[in-house]
Amino acid sequence: MSKIDMENLGFSERFVVEANFYKNLYVGRIASQYKNMYKVITEAGELSAEIFGKFRFEVKTLSDFPAVGDFVMLDRNENIRGNAIIRHVLPRKSAFIRKAAGTSEDEQVVASNIDTIFICMSLNNDFNIRRLERYLSVAWSSQAIPVIVLTKADLCVDLTEKLSEVNTVSCGVDVLVTSSLSDRALSIEKYLGKGKTVAFIGSSGVGKSTLINRLVGKNVLETKKIRHDDKGRHMTTRRELIALPGLGVVIDTPGMRALGIESADMSKAFADIDELSRECKFQDCTHTSEPACAVRKAINDGMVSADRFANYLKLQKEAKYERLNSKQIEIEKFNTMFAGVGGMKNARKFSKEKNKKHF
């Protein structure tokens, strides 16, 4: 049996150095997860694995657990004597993170050790510029390079108009247009290569699985035909890593229409507004009512859309409150409301002094 090329799977020099610290253990890469079980690819082949009991006890957050794309250290690399045991997770070079469902603070690693994130959005009913800005913000913070992939061009009647909209928010990010009816879907091949990892992110039914099937050359992921409302039917229920011989790996993810903004790089996703901010008269300009505000001037001159700026403020505010509990959010909101008098504490003092005057 021939060995699997771990270098093609992204096992680069940095991971080799890390792995050498763990003697008598074997390296593998997480390909998928189902509840507490993992499918791991090793040099000797695929095997099932679970977490070492002590490891489970020592982890502090959900994001510390193994995730699809992680390189891990195992007690074996063959399917012998039951499931392999995951002893360690090697430090990630990048990670796409979202807020975990049903929690207030915990983060979930969607995929790790990615080189390129394809943000997929279809050119039919899924098209939403404001959501694209949100995805770009989180993608930039992952340390991977985002690429916008516009799918289902064959269903779009105003392609030029939609491309013009995307160009107002892409800020230097590559934009690809694909169609399931032509070879345009293969335009993403130039981002693949030995040792490279690409991940597909986007809402349900935008055609991520179709693109991956075309890259692989066979239907490794199940898809369904588009519905009458042209939204499509998404079949991926969990994250999955698929190796491409000599071309690295691709990671498919379940559809994510909602995406928490707790980890986001606003300076890159909104590079135009960030650059304009440096030209404002005041360093702490809020771009609301201050004089000589370069951002407000750009909006008035039509250089930046009012909707884009409104979404920028919305995402900034959301990121600010994301990690706070309800009590902390309440205090923060009051401090914002009474910023003109020095915050909530001074506002209470001001209110007491004012009431004394009435007696």
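Note that this is a predicted model, so its numbers are computed, not measured.

A. Examining the overall build of the chain more closely. Check the secondary structure of the chain and you find 11 helices and 13 strands. Considering the chain as a whole, with its 359 residues, one finds that 46% of them fall into the buried category. For the chain, long-range pairs separated by at least 24 residues make up 67% of all intrachain contacts whose partners lie at least 6 apart in sequence. With an accessible surface of roughly 19,200 Å², the chain has 50% of that area assigned to carbon and sulfur atoms.

B. Summary view of the side chain of N8. By the secondary structure assignment, N8 is in the segment before α1 (13-19). Within the local environment of N8, its side chain forms a polar contact with the backbone nitrogen of L247, the two atoms lying 3.3 Å apart. In terms of polar contacts, N8 uses its side chain to reach the backbone amide nitrogen of G248, at 2.8 Å.

C. Layout of empty space enclosed by the protein. Counting across every chain of the model gives 2 cavities of 30 Å³ or more. If you add up the space inside the largest cavity, you get close to 50 Å³. If you trace the largest cavity, you find it lined by I119, C120, M121, D126, R131, L132, Y135, G202 and S203. Looking at the lining of the largest cavity, the elements with two or more residues in it are β8 (116-122) and α3 (129-141).

D. Representation of the confidence of the model for the chain in the model. Residues at a pLDDT of 70 or more form 77% of the chain, whose mean pLDDT is 81. Scored below 50 in pLDDT, residues 224-236 makes 32 contacts in the model with residues more than four places away or belonging to other chains.

E. Broad picture of the packing of aromatic side chains. Summed over all chains, the structure comprises 6 aromatic pairs. Judged by centre distance (4.6 Å) and plane angle (40°), the rings of F15 and F71 are tilted. Residue F15 is found in helix α1, and its partner F71 is found in strand β4 (residues 71-74); the two are separated by 56 residues along the sequence. Across the pair, exposure class does not vary: F15 and F71 are buried alike. An aromatic cluster is present here, built from F11, F15 and F71 joined pairwise through their rings. Above the ring of F15, the side-chain terminus of R14 is found at 5.0 Å from the ring centroid.

F. Focus on the environment of R76. Turning to its location among the elements, R76 is positioned in the loop between β4 and β5 (84-89). Judged by relative accessible area, which is 9%, R76 ranks as buried. Linking R76 and A49, residues 27 residues apart in sequence, is a C-alpha distance of 9.5 Å. Sequence-distant contacts of R76, defined by excluding residues within four places in its chain, comprise Y26, L47, R81, G82, N83, A84 and I85. A polar contact is formed between the side chain of R76 and the side chain of D75, at a distance of 2.7 Å. Engagement of the side chain of R76 in a polar contact is seen with the backbone oxygen of N83, the distance being 3.3 Å.

G. Seen up close, the nonpolar core. Grouped together as the largest cluster of nonpolar side chains are 72 residues, with contacts concentrated most on V40, L74, F96, I117, L132 and V295. Considering each element in turn, this core owes the most residues, 7 residues, to α3. Contact partners of I117, with chain neighbours within four places excluded, come to F96, A139, S142, A144, I145, P146, V147, A199 and I201.

H. Inspection of helix α5 (residues 208-216) at higher detail. Along α5, the positions that sit buried rather than exposed are K208, S209, L211, I212, N213 and L215. Along its buried surface, α5 packs onto β8, β9 (145-151), β11 (197-202), β12 (240-244) and β13 (248-252). With its phi angle positive at about 95°, G217 sits one or two positions after the end of α5.

I. Structural view of the environment of F65. Residue position: F65 is located in the loop between α2 (53-58) and β4. Separated by 14 residues in the primary sequence, F65 and I51 have C-alpha atoms spaced 8.6 Å apart. Contacts of F65, omitting those with residues within four sequence positions, involve Y38, I51, R56, V59, D70 and R92.

J. Molecular detail of the pairing of β9. Of all 7 residues that make up β9, 6 are buried, and the element is covered over most of its length. By the bridge criterion, 7 bridges tie β8 to β9 in an arrangement that is parallel. Looking at the pairing, C120 lines up with V149 of β9. Handedness of the crossover joining β8 and β9 through α3: right-handed. Here β9 runs beside strand β10 (residues 175-177); their pairing, made up of 3 bridges, is parallel. Residue I148 lies in a different strand from β10, and its bridge partner there is V175.

K. A look at the pairing of β12. One ladder, built from 5 bridges, connects β12 with β13; its direction is antiparallel. Note on β13: the bridge partner recorded for I242 is V250. Where β12 folds back on β13, the antiparallel hairpin that results is connected by 3 residues, among which G246 adopts a positive phi of roughly 75°.

L. Region of interest: the environment of E46. Locating E46 in the fold gives a position in strand β3 (residues 45-51). Sequence separation of E46 and N77 is 31 residues, and the distance between their C-alpha atoms is 8.3 Å. Excluding its chain neighbours within four sequence positions, the residues that come into contact with E46 are K39, V40, I41 and N79.

Scoring rules and cut-offs
Residues numbered from 1 in each chain as written. Predicted model: local features only at pLDDT ≥ 70, side-chain atom pairs only at ≥ 80, totals over all residues. Heavy atoms only, no water. Helix = DSSP H or I, 4+ residues; strand = E, 2+ residues; numbered from the N terminus. Buried < 20%, exposed > 50% of the residue type's maximum accessible area, 1.4 Å probe, protein only. Contact = heavy atoms within 4.5 Å. Areas by Shrake-Rupley, 256 points an atom, 1.4 Å probe, with all protein chains shown as cover. Polar contact = N/O pair within 3.5 Å; in protein donor to acceptor, adjacent residues only side chain to side chain. 1 Å grid on protein atoms, 1.4 Å probe; cavity = no way out; pocket = protein on both sides within 12 Å on 5 of 7 lines; lining within 4 Å. Points joined across faces, edges and corners; volume = space filled by probe spheres on them. pLDDT = per-residue confidence, 0-100. Phe/Tyr/Trp six-rings, centres within 6.5 Å; stacked < 30°, edge-to-face > 60°. Lys NZ or Arg CZ within 6 Å of the ring centre and 35° of its normal. Core = buried A, V, L, I, M, F, W, Y, C linked by side-chain atoms within 4.5 Å. Pairing = 2+ DSSP bridges. Right-handed = clockwise from strand over helix to strand, strands pointing away.

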